[in-house]
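One-letter residues, chain by chain:
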Amino acid sequence: MEILQTNSAMLSNYEVMSLLADQKAQRIANEVAGTREVAENRRVQKYLAASPCSTQSGEQIRELKKEFKDFELMKVELLQILNLRPKSAVELLLVIEEFEERFALEDCDKMLNIIAKALPRDDDEEMEEEGEEEEVAAENA
Amino acid sequence: MFNLAEMKDTIKIEPSGFRKKKAQAITDEINRKYANKVLQDVGLCIAMHDILYASEGFIHHGDGCSYVTVHFRLVIFRPFVGEIITGKIRSCNQEGVRVTLGFFDDIFIPYHYLQENSEFNADEQVWVWMYDENEMFMDLEETIRFRVESEQFFDTSPSVRPKKEGVDTPDLSANSAKQAPYSLTNIELLFLRFEWCIDVMAPSC
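Quick notes on the rules
- Residues numbered from 1 in each chain as written.
- Chains lettered and ligands numbered in written order.
- Predicted model: local features only at pLDDT ≥ 70, side-chain atom pairs only at ≥ 80, totals over all residues.
- Heavy atoms only, no water.
- Patch = residues over 30% accessible without salt bridge, like charges linked within 9 Å, V, L, I, M, F, W, Y side chains within 5 Å.
- Areas by Shrake-Rupley, 256 points an atom, 1.4 Å probe, with all protein chains shown as cover.
- Salt bridge = Lys/Arg side-chain N within 4 Å of Asp/Glu carboxyl O.
- Lys, Arg positive; Asp, Glu negative; His and termini not counted.
- Charge placed at Lys NZ, Arg CZ, Asp CG, Glu CD.
- Helix = DSSP H or I, 4+ residues; strand = E, 2+ residues; numbered from the N terminus.
- Pairing = 2+ DSSP bridges.
- Axes fitted to C-alpha atoms, helices over the stretch in contact; angles between N-to-C directions.
- Contact = heavy atoms within 4.5 Å.
- Buried area = accessible area lost by both parts, 1.4 Å probe.
- Polar contact = N/O pair within 3.5 Å; in protein donor to acceptor, adjacent residues only side chain to side chain.
- Nonpolar A, V, L, I, M, F, W, Y, C, P; charged D, E, K, R; others polar.
- UniProt positions renumbered as here; feature names shortened; annotations may be inferred.
- Buried < 20%, exposed > 50% of the residue type's maximum accessible area, 1.4 Å probe, protein only.
- Expected span 1.5 Å × (residues − 1).
- Domains from an automatic or database assignment.

A cluster of acidic residues, Glu97(A), Glu98(A), Glu100(A) and Glu101(A), forms a negative patch on the protein surface. Summarising the element assignment, Glu101(A) is placed in helix H6 (residues 99-102).

The next thing to look at is the sheet that holds strand S10 (residues 126-131) of chain B. Residues and elements named next belong to chain B. The strand order across the open sheet formed by 3 strands is S9-S10-S11, and the pairing between neighbours is antiparallel. Two strands in the sheet have a free side with no partner beyond their single neighbour: strand S9 (118-121) and strand S11 (134-138). The average angle at which neighbouring strand axes cross in this sheet is 30 degrees, direction not considered. With 4 bridges joining them, S9 and S10 adopt antiparallel strand pairing. Bridge pairing in S10 links asparagine 121 to valine 126.

What follows covers the interface of chain B and chain A. Contacts between the two partners involve 46 residues from chain B, matched on the other side by 42 residues from chain A. Taken over both partners, the interface formed by chain B and chain A buries close to 4,000 Å², and the fraction arising from carbon and sulfur atoms is 61%. Inspection of the chain B/chain A interface yields 2 salt bridges. Between Arg145(B) and Glu91(A) there is a salt bridge, with the nearest N and O atoms lying 3.3 Å from each other. At the boundary of chain B and chain A, one finds 12 residue pairs in polar contact (both at pLDDT 80 or more). Listed by contribution, the elements that provide at least two residues to the side of chain B that touches chain A are strand S1 (2-13), helix H1 (22-34), strand S3 (43-54), strand S5 (66-77), strand S6 (84-93) and strand S12 (143-153) of chain B. Element by element, the count of residues in the side of chain B that touches chain A is highest for S1(B), at 8 residues. Looking at the side of chain B that touches chain A, its residues break down into 23 nonpolar, 11 polar and 12 charged. Sheet analysis places strand S1 (residues 2-11) of chain A next to S1(B), joined by 6 bridges and oriented antiparallel. When the bridges of S1(B) are listed, Glu2(A) appears paired with Lys8(B).

This part covers the UniProt feature "domain: RNA polymerase Rpb7-like N-terminal" (unreviewed entry) in chain B. This chain's UniProt record puts "domain: RNA polymerase Rpb7-like N-terminal" (unreviewed entry) on residues 8-64 of chain B. With 23% helix and 39% strand, the stretch residues 8-64 of chain B has end C-alpha atoms that lie 22 Å from each other.

Now for the side chain of Arg85(A). All names here are of chain A. You can see arginine 85 is positioned in the loop between helix H4 (75-84) and helix H5 (89-95). One polar contact links the side chain of arginine 85 to the main-chain carbonyl oxygen of leucine 119, over a distance of 2.7 Å. Aside from chain neighbours lying at most four places away, what touches arginine 85 is Pro52, Gln80, Glu91, Ile115, Ala116, Leu119, Pro120 and Arg121.

In this structure, Met7(B) sits in strand S1. Among the residues examined, Met7(B) registers a relative accessible area of 0% and is labelled buried. Considered as a pair, Met7(B) and Leu74(B) are 67 residues apart in the sequence and their alpha carbons are 7.4 Å apart. Apart from the residues within four sequence positions on either side, Met7(B) is in contact with Met1(A), Glu2(A), Ile3(A), Leu4(A), Tyr34(B), Leu39(B), Val70(B), His71(B), Phe72(B) and Leu74(B).

Moving on, we come to helix H1 (residues 13-30) of chain A. Helix length check: H1(A), at 18 residues, gives a terminal C-alpha distance of 26 Å against a target of 26 Å (1.5 Å per residue), a fit within 8%. Among the residues of H1(A), Asn13(A), Tyr14(A), Glu15(A), Val16(A), Met17(A), Ser18(A), Leu19(A), Leu20(A), Ala21(A), Gln23(A) and Arg27(A) are the ones counted as buried.

All names here are of chain B. Entries for chain B in the domain assignment read domain 1 (2-77) and domain 2 (84-162 + 169-204). On the side of domain 2, 8 residues touch domain 1, which itself brings 10 residues to the contact. Interface area for domain 1 against domain 2, summed over the two sides, is near 720 Å², with a carbon-plus-sulfur share of 78%. Of all residues in domain 1, Val38, Gln40 and Phe77 give up the largest surface area on contact with domain 2, accounting jointly for 65% of the area buried on that side. Counting the contacts that link domain 1 with domain 2 gives 0 salt bridges. The interface formed by domain 1 and domain 2 holds 0 residue pairs in polar contact (both at pLDDT 80 or more) in total. Only strand S2 (38-39) and S3 provide two or more residues apiece to the side of domain 1 that touches domain 2. Ranked by residue count, the leading element in the side of domain 1 that touches domain 2 is S3, at 3 residues. When the residues that make up the side of domain 1 that touches domain 2 are grouped by side-chain class, the tally is 7 nonpolar, 2 polar and 1 charged.

Below, the structure is given as C-alpha cells:
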C-alpha cells in the first residue's frame, strides 16, 4: 500500500452524499449477491441527510459559485458556506475570516441573500439526483 | 470535511468474486479493506471515490486469487484546522464535552474551551452556560456547532517488545490501546442550539 497524495482534492458534503447514493444504486442495479454495504456508510449518509447538503444539486452549486465570484472568497470559505449554509450574519462572520477588513457590512446582507436564493431549502426536502458532475471537485483541486 | 487521497495498492480478488464486473469487484475489495479505518496522517477512510488505473489481474501459482495493482482515490474524512462542523453532544463529564457525528465519535471539547461561565452540574451530569443569568443547558443529543482546533493521530499498531532472556510471557496489555487512533480536540464551542444564536448574539450587520 502506498499513499501517493494525501490531499489531492477537497470534497463538499454534497459530493460525498451523491457518491454514496450512486454506489448504493449501482450495487442494487448489478444485483450481485454477496456485496455487502459498508455499515459505516449508512451512518455517514444519515449524517449528511440531516445537513444542508441534502437539498442541494449541481446546478445550485454552480449558481452559487458564479454569484460569489466577485467577492473573491477563499476556497475553504466557499466550501464551508456550501456545507453549513449560513442563514444569519453571525454564522457568516464565523465562516469568513476578517470580514470587516475585506468586505463592507452591506456585503453581509448581500451574501446572505445570494445563499438563500441559490440554495433554497424552505419548501421541499426531497433529494434530487441529477447527472451531477464532479467537476466541482476538479475545479477546487 | 472530506477530501480525496490518491493511493496505490495491490488488491486481491478471490475466485468467488470473478463473476462480478472487474470494477465492481475492485470497488468492493477496496471498500472492505479501507472503509472505517484510520490511516495515519491521512484521516478516516470513508469509501472509494474512483479507480484511476487498474492493471491486469495476475494469478499466483498455488493460489487462485487474482492480484490487481490499482491506483484509486479514497474519500477521507479529515476536517481542516479551523473548520466549523455540526455535531451532537454525546456525553458530558467534568473534563469536558464529548461530541459525535454519528460516524465519528472521538471529538472532545476540554472544559476550559467552553464558553465563559460554564459550570458542570453534577446532579444532571451536564454542562450549563450562564449567560446574563440565563441558564443554558448543554443537553445530550443537542445539535451544536464547533470549530476544530487540533487533531491527533495515535499509532495503535501492535508494538513489539524486546523479550528478556529466559522469560517468555506474552504481555497482551501492551497491545491494548485506550487511545483513539484519530481524535479532534476542539476549541471554541460555538453557540449551541440554533435558537440561541438569535437571543444571545446580536448580529453586527
